[in-house]
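Results of the structural survey
Residues per chain, in single letters:
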Amino acid sequence: MKFLSGLSVAAVAVEAHYTFPRLVVNGKQVEDRDWQVTRQTKNAQSKSGIENPSSGDIRCYSSSTAPQVATVPAGATVNYISTQQINHPGPTQYYLARVPAGSSAKTWDGSGNVWWKFASTMPYQDANKQLVWPAQNTYATHPAVIPAATPNGEYLLRVEQIALHMASQPNKAQFYLSCSQINITNGGNGNPGPTVALPGAYKSNDPGIQVNIYNIQPESYRAPGPALWQG
Ligand SMILES: *[C@@H]1O[C@H](CO)[C@@H](O)[C@H](O)[C@H]1NC(C)=O
């Protein structure tokens, strides 16, 4: 009995959970192995999602810092390789936070009211009238463009994919996420915002977090977090 329940937990972890250990910039992997500019998340082994959106894990999954910083031109398209198929329905969102003067992307923790969102995906209905999100069931997150107006400098880039298959119950959405250390070049003179803190931006009963996706129209879905900044 004990053996059987252990086995089923392992099977679920393999089929249904994932991490995003490699950043892709303009279609090219910038890490030749996992966790070189992307900070190794606490769930690197278990691959389990975060269920409590108020937890400190929601920022960068209590990751350790990474050894390198990736150069990313403003206007570049970014996405992430996933260790497993992203098989759960839910949005993919991207955030940036600028490293303060005197700090480094290699060490800064991303604390404070510093994160803005620049990309978020919306669902559509498949032939079975199920909600599906772009890049669902693929092995890489849906891409996003870093706004060309983003100023030069060091940043933390954060991706999240929110699995909503059980989200009609409280604290049953699952957040999968990564943070990477990047240096934006060829940037602009934009003034990004609105900014939020992580944790802080999300509540467990936000309409995009506690939601029955089997009972709504695609256009009525509202992803959590601040308004988008698109430069
Ligand atoms: C970021 O890019 C600028 C411009 O190329 C360069 O001067 C700076 O040293 C880079 N910083 C890091 C941390 O890579």
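Quantities reported herein were computed from a predicted structural model and do not represent experimental measurements.

Observations concerning the site of the ligand
Every residue near the ligand is listed here: Glu154, Asn183 and Thr185. A distance of 2.3 Å separates an oxygen atom of the ligand from a polar side-chain atom of Asn183. Its free accessible area being 360 Å², the ligand has 34% of it covered by the protein chains.

Brief notes about the pattern of salt bridges
Enumeration according to the criterion identifies six salt bridges in this entry. Across the pair Asp34 and Arg22 runs a salt bridge whose closest N-O atoms are separated by 2.7 Å. Pair noted here: Asp34 is in the loop between strand S2 (28-29) and helix H2 (57-60) and Arg22 is in strand S1 (residues 22-25), with a separation of twelve residues, a long-range link. Taking the relative accessible area as the measure of exposure, Asp34 reaches 33% and is therefore partly exposed. Residue Asp32 is joined to Arg33 by a salt bridge in which the shortest nitrogen-to-oxygen separation is 3.9 Å. Across the pair, exposure class does not vary: Asp32 and Arg33 are exposed alike.

What about the state of the cysteines?
In this structure the tally under the stated criterion is one disulfide. Sulfur-sulfur distance for the disulfide between Cys60 and Cys179 comes to 2.0 Å. Because the torsion about its S-S bond is -85°, the bridge between Cys60 and Cys179 counts as left-handed. With a gap of 119 residues between them, Cys60 in helix H2 and Cys179 in strand S11 (residues 174-185) connect regions that are remote in the sequence. In this structure Cys60 comes out as buried when scored by relative accessible area, which is 6%.

Each value, and the rule that gives it
- Residues numbered from 1 in each chain as written.
- Predicted model: local features only at pLDDT ≥ 70, side-chain atom pairs only at ≥ 80, totals over all residues.
- Heavy atoms only, no water.
- Near = heavy atom within 4 Å.
- Polar contact = N/O pair within 3.5 Å; in protein donor to acceptor, adjacent residues only side chain to side chain.
- Areas by Shrake-Rupley, 256 points an atom, 1.4 Å probe, with all protein chains shown as cover.
- Salt bridge = Lys/Arg side-chain N within 4 Å of Asp/Glu carboxyl O.
- Helix = DSSP H or I, 4+ residues; strand = E, 2+ residues; numbered from the N terminus.
- Buried < 20%, exposed > 50% of the residue type's maximum accessible area, 1.4 Å probe, protein only.
- Disulfide = S-S within 2.5 Å.

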